[in-house]
Amino acid sequence: MSRNNSIVSKALTLLCLTSIVVLTMGHAHPWLPSQTPKKLALKLSLNNQTLSLASSDFGLIIHKTPLAVFEPSSVNDIRDLIKYSNSLPMPFTIAERGPAHSTHGQTLTHDGVVLNMTRLGDSRNGSRIVVYDEYVDVGGEQLWIDVLRTTYKHGLTPFAWTDYMYVSVGGTLSNAGINGRMFRFGPQISNVLELDVVTGKGDLIKCSPVKNSELFYAVLGGLGQFGVITRARIPLGPAPTTAMLDCMQVKRLSLVYNDFSALTKDQEHLISFHQRNDTSAPDFVSGYVLVVNQAPFDLSFYPTHFQPIISSLVTKYGIIYTIELTKYYDNNSQTHMKEEVASLLKGLNYIPIFAFEKDQSYEEYQNRLHTTELVAISKGFWNVPHPWLNLLIPRSRISDFNEGVLKNIILKQNISVGTPLFYPTNRNK
Ligand SMILES: Cc1cc2nc3c(=O)[nH]c(=O)nc-3n(C[C@H](O)[C@H](O)[C@H](O)COP(=O)(O)OP(=O)(O)OC[C@H]3O[C@@H](n4cnc5c(N)ncnc54)[C@H](O)[C@@H]3O)c2cc1C
């Protein structure tokens with residue numbers, strides 16, 4: 001909202017200044033939080049600790065202190081805030097903020113109000129995650145981990161995910177929401193049936209591909225500039241379930257490569273199963289890169305006695321690549337898993353014998369990054385700046401990226417990059 005609002009605010013400011021000059025020869029002053037009507041003022045926080053918490057994000061690169069933080073307890077509170085701002089001679093900027101895993105100040109404002117969406121989840125007006133047979137209605141402030149847990153109790157699951165589950169529905173739908181399932185289902189923004197949005201005028205509007213579709217497509221991937229997502233309707237399908245929900249339902253495989261072109265060729269092969277409607281198609285395909293001198297690597301997936309061997313491969317080759325592959329199963333398909341895995345691995349060119357597998361419950365698998373997160377927090381890696389870059393690279397240039405960026409810049413110049421991830425996908429998704 002902030003960029004949009006600032007354009008509107010400039011236009012309104014000009015208009016209002018003109019009329020004030022003509023009528024009273026007075027001045028329009030910027031908004032002061034102390035002037036706010038009591039009903040709204042009760043939800044505005046001005047204390048230093050709250051302002052300080054709202055002045056940075058996960059990136060820790062950009063810092064902006066807002067004039068106030070608004071803590072809504074209902075959707076109507078959000079409407080009232082926006083309408084109040086619009087009623088002022090100089091409307092203030094409003095920046096929506098979920099859990100603030102953004103990395104470049106997207107949730108910050110220095111001349112306005114941070115709208116703390118997470119407070120909407122405190123609402124006592126019943127649950128903000130309601131499961132139906134084919135979809136779930138979710139508050140924009142809700143975390144995907146809670147969507148997973150709630151829908152899974154019903155044996156159901158959304159189709160599209162992020163790898164990390166402690167991000168919010170409104171936050172990822174304002175961006176894209178991607179992971180290794182994108183080649184099958186597209187990003188999360190392609191998996192939404194309907195939205196409730198509070199617009200820049202303070203109206204609450206229901207929108208979908210057939211109703212107010214311009215608003216719907218503007219808000220999805222709209223970087224929070226076209227309205228506040230207060231509810232999203234997300235389609236559901238059957239989750240991989242076994243007799244007991246906490247039994248194993250996911251086969252995870254990790255394949256290790258020292259040749260980048262073999263890796264991309266194999267990723268393309270793996271995502272082609274789905275295009276051919278082959279029932280052995282994997283449910284998830286991604287890859288990551290281990291670069292020498294970038295330790296500590298998270299090698300916890302691999303058997304303990306293989307971890308030093310993989311580290312020595314990284315030292316030997318400078319860069320090692322992996323494919324992460326997942327196949328879901330249930331009571332019926334469990335018995336065919338061996339053949340299905342063999343069919344997936346047939347003809348792949350990973351380093352011989354460097355194929356590892358592990359079975360996990362669906363919930364544990366979906367939340368797999370949480371363990372890594374806890375380790376990173378305990379080692380202080382959460383409290384350092386996190387520059388972050390997402391790129392869409394066409395197939396025709398991916399080997400140039402490996403040579404030019406991974407080998408010639410990152411490896412040669414010993415630049416610290418964390419763990420680069422690769423998600424192969426189809427352009428039509
Ligand atoms: C450790 C980690 C792992 C990640 N893994 C993935 C991944 O696997 N896949 C992936 O796609 N992304 C991933 N991300 C990026 C993440 O999806 C983005 O940071 C995204 O912005 C969501 O973060 P958030 O929910 O914390 O939203 P915030 O950072 O709070 O907000 C993000 C943007 O959305 C706007 N916004 C927030 N709530 C609303 C709302 N209700 N209505 C309208 N606008 C709103 C904000 O103004 C801001 O512009 C990861 C981030 C981290 C830190």
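Residues numbered from 1 in each chain as written. Predicted model: local features only at pLDDT ≥ 70, side-chain atom pairs only at ≥ 80, totals over all residues. Heavy atoms only, no water.

In the annotation of an unreviewed UniProt entry, the chain is listed under the name cytokinin dehydrogenase and assigned to Lupinus luteus. If you open the UniProt record of the chain and go to Sequence similarities (unreviewed entry), you find "Belongs to the oxygen-dependent FAD-linked oxidoreductase family." Under the UniProt heading Cofactor (unreviewed entry), the note attached to the chain is "FAD". (UniProt positions renumbered as here; feature names shortened; annotations may be inferred.)

A. Expanded view of the packing of aromatic side chains. The final tally for this structure, using the stated rule, is 22 aromatic pairs. Centroid distance F216 to Y217: 5.1 Å. Interplanar angle 80°. Geometry classified as edge-to-face. Of the residues examined, F216 reaches a relative accessible area of 2% and is grouped as buried. Site record: aromatic cluster; members linked through ring pairs are Y152, F284, Y328, Y362 and Y365. The aromatic ring of F273 is capped on one face by R276, whose charged end is 4.9 Å from the ring centroid. (Phe/Tyr/Trp six-rings, centres within 6.5 Å; stacked < 30°, edge-to-face > 60°. Buried < 20%, exposed > 50% of the residue type's maximum accessible area, 1.4 Å probe, protein only. Lys NZ or Arg CZ within 6 Å of the ring centre and 35° of its normal.)

B. Highlighting the site of the ligand. Near the ligand there are 30 residues, and of these E96, G98, H101, S102 and S168 occur at the shortest range. Contact distances for the ligand include 2.6 Å between an oxygen atom and a backbone N or O atom of E96. In this structure, an oxygen atom belonging to the ligand sits 2.7 Å away from a main-chain N or O atom of G98. Residue assignment for the shell around the ligand shows that the elements contributing at least two residues are β3 (93-97), α6 (169-173) and β10 (228-238). By residue number, the principal contributor to the shell around the ligand is α6, which donates 3 residues. For the shell around the ligand, the per-class residue count stands at 12 nonpolar, 15 polar and 3 charged. (Near = heavy atom within 4 Å. Polar contact = N/O pair within 3.5 Å; in protein donor to acceptor, adjacent residues only side chain to side chain. Helix = DSSP H or I, 4+ residues; strand = E, 2+ residues; numbered from the N terminus. Nonpolar A, V, L, I, M, F, W, Y, C, P; charged D, E, K, R; others polar.)

C. Region of the structure containing the nonpolar core. Formed by 35 residues in total, the largest nonpolar core has its most connected members in V136, W144, L173, L195, I234 and Y362. When residues of this core are traced back to their parent elements, those giving at least two are β5 (129-131), β6 (135-139), α5 (144-152), α6, β8 (194-198), α8 (213-219), β10 and α12 (362-366). Residue contributions to this core peak at 5 residues, all from α5. Both domains that meet at this core, namely domain 2 (127-238) and domain 3 (250-422), each give it at least three residues. Leave out the neighbours within four places in its chain, and L195 touches L173, I205, K206, C207, F216, V219, L220, I229, R231 and A232. A262, I319, L348 and I398 belong to the second largest nonpolar core, which has 30 residues in total. (Core = buried A, V, L, I, M, F, W, Y, C linked by side-chain atoms within 4.5 Å. Domains from an automatic or database assignment. Contact = heavy atoms within 4.5 Å.)

D. Structural detail: helix α9 (residues 260-275). Between its first and last C-alpha, α9 extends 23 Å over 16 residues, near the 22 Å set by a 1.5 Å rise per residue. Among the residues making up α9, those that are buried are F260, A262, L263, T264, D266, Q267, L270, I271, S272 and F273. Where α9 begins, one side-chain oxygen reaches toward the backbone nitrogen of S261, 3.0 Å away; that side chain belongs to D259. In the segment just after α9, N277 is the residue with positive phi, at about 55°. (Expected span 1.5 Å × (residues − 1).)

E. Up close: the domain arrangement of the chain. Per the domain assignment, the segments of the chain are domain 1 (2-121), domain 2 (127-238) and domain 3 (250-422). A separation of 42 Å is found between the C-alpha centroids of domain 1 and domain 3. Buried area between domain 1 and domain 3, summed over both chains or domains, comes out near 540 Å², and the portion from carbon and sulfur atoms is 70%. For the domain 1 face of the interface with domain 3, the top three residues by lost area are F58, L60 and T103, together amounting to 74%. (Buried area = accessible area lost by both parts, 1.4 Å probe.)

F. The pattern of salt bridges, seen in detail. The tally for this structure, following the rule as stated, stands at 20 salt bridges. For D283, the salt bridge is made with R184, and the minimal N-O distance between the two is 3.1 Å. With D283 in the loop between α9 and β12 (284-291) and R184 in helix α7 (residues 182-185), this residue pair connects regions lying 99 residues apart in the sequence. Across the pair K251 and D359 runs a salt bridge whose closest N-O atoms are separated by 3.0 Å. Here K251, found in strand β11 (residues 250-257), pairs with D359, found in strand β14 (residues 355-360); they are 108 residues apart in sequence, far enough to count as distant. Among the residues examined, D359 registers a relative accessible area of 27% and is labelled partly exposed. (Salt bridge = Lys/Arg side-chain N within 4 Å of Asp/Glu carboxyl O.)

G. Spotlight on the environment of T230. As for its position among the elements, T230 is in strand β10. With a relative accessible area of 2%, T230 lands in the buried category. Placed 33 residues apart in sequence, T230 and V197 show a C-alpha to C-alpha distance of 5.8 Å. In this structure, T230 is in contact with V75, I78, R128, V138, G139, G140, E141, D196, V197, V198 and L204, ignoring residues within four places of it in sequence.

H. Representation of a nonpolar patch on the surface in the model. A grouping of I409, I415 and V417 is seen on the molecular surface, where their side chains present a nonpolar patch of about 190 Å² in accessible area. The residue V417 is located in the loop between α14 (398-411) and β15 (421-422) in this model. Residue class for V417 comes out partly exposed when judged on its relative accessible area of 32%. (Patch = residues over 30% accessible without salt bridge, like charges linked within 9 Å, V, L, I, M, F, W, Y side chains within 5 Å. Areas by Shrake-Rupley, 256 points an atom, 1.4 Å probe, with all protein chains shown as cover.)

I. Focus on the pairing of β3. Of all 5 residues in β3, 5 are buried, a share of seventy percent or more. Here β3 shows no split at all, with T93, A95 and R97 on one side and I94 and E96 on the other all buried. Bridge count between β3 and strand β4 (residues 112-116): 5 bridges; the pairing is parallel. Opposite R97, over in β4, you have N116 as the bridge partner. (Pairing = 2+ DSSP bridges.)

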